[in-house]
Amino acid sequence: MTDVQNGRPAAPRAEIPILRTYRLWFEHTRKCGAGCKGTPKAQDGCEDGQQLWGEYRLARIGKATS
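Residues numbered from 1 in each chain as written. Predicted model: local features only at pLDDT ≥ 70, side-chain atom pairs only at ≥ 80, totals over all residues. Heavy atoms only, no water.

Structural notes on helix α3 (residues 47–60)
Then, number 1: Taking 1.5 Å as the rise per residue, α3 with 14 residues should run 20 Å; its terminal C-alpha atoms sit 20 Å apart, in good agreement.
Then, number 2: Considered for burial, the residues of α3 that qualify are G49, L52, Y56 and A59. Viewed end-on, α3 has its buried residues packed into an arc of 85 degrees, placing them on one side of the element.
Then, number 3: Next to the buried residues of α3 lie α2 (17–31). (Helix = DSSP H or I, 4+ residues; strand = E, 2+ residues; numbered from the N terminus. Expected span 1.5 Å × (residues − 1). Buried < 20%, exposed > 50% of the residue type's maximum accessible area, 1.4 Å probe, protein only. Arc of directions from axis to C-beta. Contact = heavy atoms within 4.5 Å.)

Digging into the pattern of salt bridges
Then, number 1: All chains considered together, the criterion is met by two salt bridges.
Then, number 2: With its nearest N and O atoms 3.0 Å apart, the salt bridge here joins R23 to E15.
Then, number 3: We classify R23 as partly exposed; its relative accessible area is 32%.
Then, number 4: A salt bridge links E27 to R23; its shortest N-O distance comes to 3.4 Å. Of this pair, E27 and R23 both sit in helix α2, separated by four residues, roughly a single helical turn.
Then, number 5: Assessed through its relative accessible area of 32%, E27 is described here as partly exposed. (Salt bridge = Lys/Arg side-chain N within 4 Å of Asp/Glu carboxyl O.)

Okay, here's the thing in structure tokens:
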């Protein structure tokens, strides 16, 4: 019997590092008032946006730091 059938909530799924880092960068760019919103390149954004994009790039090549 599965957890759902037993009435227990399913365990939360672990987020894939590449998707997590992209989501964090994307959410930042939507809210950033310091220069990320509307810039054509991630390198042109604010310092925090650039750092988040760098983390995404590392995760993309398999060298995630977190």
